[in-house]
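So the chains spell out like this:
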2 protein chains.
Amino acid sequence: MAEENTVLIGNKPPMSYVLAVISQFNSGSNEITIKARGRAISRAVDVAEIVRNRFVSDARLGGIKIATEQVHNEEGRQSNVSSIEISLVK
Amino acid sequence: MAEENTVLIGNKPPMSYVLAVISQFNSGSNEITIKARGRAISRAVDVAEIVRNRFVSDARLGGIKIATEQVHNEEGRQSNVSSIEISLVK
């Protein structure tokens, strides 16, 4: 599910995702969306802040959205999980 | 540091903070700011979503800000931590 201009945050160290964002900017994108769900939300904020403050100083926050998504666990039961989308624009 | 109209998210279960937000709305506030740093950021998003979706259906998102704060650890060394502020308005 590799959408263009999107970096989906998982359980790797934040720097993996920072590098993914930087390389998408370097390949010509003007807007990158950083997405995360559940526990990874904190890491998504870290990634956006590290990119902005340390690596791509002309990137600014385009907008931040939060939402609730419904997921199904292994037993087929439904539960709610929070999600975030942080847009970086340059 | 108990600011009015602010709920600071720590390590308690999300429902503790959901109750704090609801009682501030019930005591007459029209805008509540939910603040968190580091790992608690995910919980702050959970709290905002639970309040909005389950308890205060006329509350809407007023705005979301992310930032980097400098903190000093026990040895006096400085490190950076991400923070979030989520505003709920009704």
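Scroll up a little and you will see the structure.
All of the points below concern the structure found in this document. (Residues numbered from 1 in each chain as written. Chains lettered and ligands numbered in written order. Predicted model: local features only at pLDDT ≥ 70, side-chain atom pairs only at ≥ 80, totals over all residues. Heavy atoms only, no water.)

### Points about the interface of chain A and chain B
At step 1: Between chain A and chain B, the residue contacts involve 20 residues of the former and 20 residues of the latter.
At step 2: Here chain A packs against chain B, burying approximately 1500 Å² in sum over the two surfaces, 55% of which is carbon and sulfur.
At step 3: By the criterion of area lost to chain B, the three top residues of chain A are S42, I64 and I66 of chain A, representing 37% of everything that side buries.
At step 4: Put simply, chain A and chain B have 11 residue pairs in polar contact (both at pLDDT 80 or more) between them.
At step 5: In terms of residue count, the dominant contributor to the side of chain A that touches chain B is helix α2 (residues 40-55) of chain A (8 residues).
At step 6: Among the residues forming the side of chain A that touches chain B, the class breakdown is 9 nonpolar, 6 polar and 5 charged. (Contact = heavy atoms within 4.5 Å. Buried area = accessible area lost by both parts, 1.4 Å probe. Polar contact = N/O pair within 3.5 Å; in protein donor to acceptor, adjacent residues only side chain to side chain. Helix = DSSP H or I, 4+ residues; strand = E, 2+ residues; numbered from the N terminus. Nonpolar A, V, L, I, M, F, W, Y, C, P; charged D, E, K, R; others polar.)

### A few points about the sheet that holds strand β1 (residues 6-8) of chain B
All names here are of chain B.
At step 1: Reading across the sheet, the 4 strands line up as β1-β2-β4-β3 and stay open at both edges, with mixed pairing between neighbours. Because the sheet does not close on itself, it has two edges, and the strands there are β1 and β3 (60-72). Adjacent strand axes in the sheet meet at a mean angle of 20° when their direction is disregarded.
At step 2: The pairing of β3 with strand β4 (residues 78-89) spans 12 bridges and is antiparallel. Across the sheet, residue H72 finds its bridge partner in β4, namely Q78. (Pairing = 2+ DSSP bridges. Axes fitted to C-alpha atoms, helices over the stretch in contact; angles between N-to-C directions.)

### Side note on α2 of chain A
In an α-helix, one turn spans 3.6 residues; hence positions three or four apart end up facing the same way.
At step 1: The end-to-end C-alpha distance of α2 of chain A, which contains 16 residues, comes to 21 Å, matching closely the 22 Å that a straight helix rising 1.5 Å per residue would cover.
At step 2: Of all 16 residues that make up α2 of chain A, 12 are buried, and the element is covered over most of its length.
At step 3: Of the residues making up α2 of chain A, those classed as buried are A40, I41, S42, R43, A44, V45, D46, V47, A48, E49, I50 and V51 of chain A.
At step 4: Buried residues along α2 of chain A sit in contact with α1 (14-26), β2 (31-37) and β4 (78-89) of chain A together with α2 (40-55), β3 and β4 of chain B. (Expected span 1.5 Å × (residues − 1). Buried < 20%, exposed > 50% of the residue type's maximum accessible area, 1.4 Å probe, protein only.)

### What to know about the nonpolar core
At step 1: In this structure, I84 of chain A together with I84 of chain B are the most contacted members of the largest nonpolar core, which totals 50 residues.
At step 2: Excluding its chain neighbours within four sequence positions, the residues that come into contact with I84 of chain A are I34, K35, A36, I41, A44, V45, I64, K65 and I66 of chain A together with I84 of chain B. (Core = buried A, V, L, I, M, F, W, Y, C linked by side-chain atoms within 4.5 Å.)

### Quick notes on the relation of the copies chain A and chain B
At step 1: Mapping chain A onto chain B calls for a screw motion: a turn of 180° about the axis and a shift of 0.0 Å along it, with 0.0 Å RMSD after fitting. What we have between these two chains is a two-fold relation. Among all residues of chain A, the one whose C-alpha sits closest to the rotation axis is S42 of chain A, at a distance of 2.7 Å.
At step 2: Same-surface contact between copies: 100% of interface residues of chain A are shared with the interface of chain B. (Least-squares fit on C-alpha atoms with pLDDT ≥ 70 in both.)

### Observations concerning the side chain of S42 of chain A
At step 1: Residue position: S42 of chain A is located in helix α2.
At step 2: A distance of 2.8 Å separates a polar atom in the side chain of S42 of chain A from a polar atom in the side chain of S42 of chain B.
At step 3: Setting aside residues up to four positions removed in sequence, S42 of chain A forms contacts with G38, R39, I41 and S42 of chain B.

### Examining the packing of helix α1 (residues 14-26) of chain B against α2 of chain B
All names here are of chain B.
At step 1: Contact geometry for α1 and α2: axes closest at 9 Å, N-to-C directions at 55°. Between α1 and α2, the angle is such that the two are oblique. The chirality of how α1 crosses α2 is right-handed. Packed against α1, whose contacting residues are P14, M15, Y17, V18, V21, I22 and F25, the element α2 presents R43, V47, I50, V51, R54 and F55 at the interface.
At step 2: Class assignment of the residues belonging to the contact of α1 with α2 gives a composition of 11 nonpolar, no polar and 2 charged. (Parallel < 35°, antiparallel > 145°, perpendicular 65-115°, else oblique. Left-handed = near helix turned anticlockwise from the far one by under 90°.)

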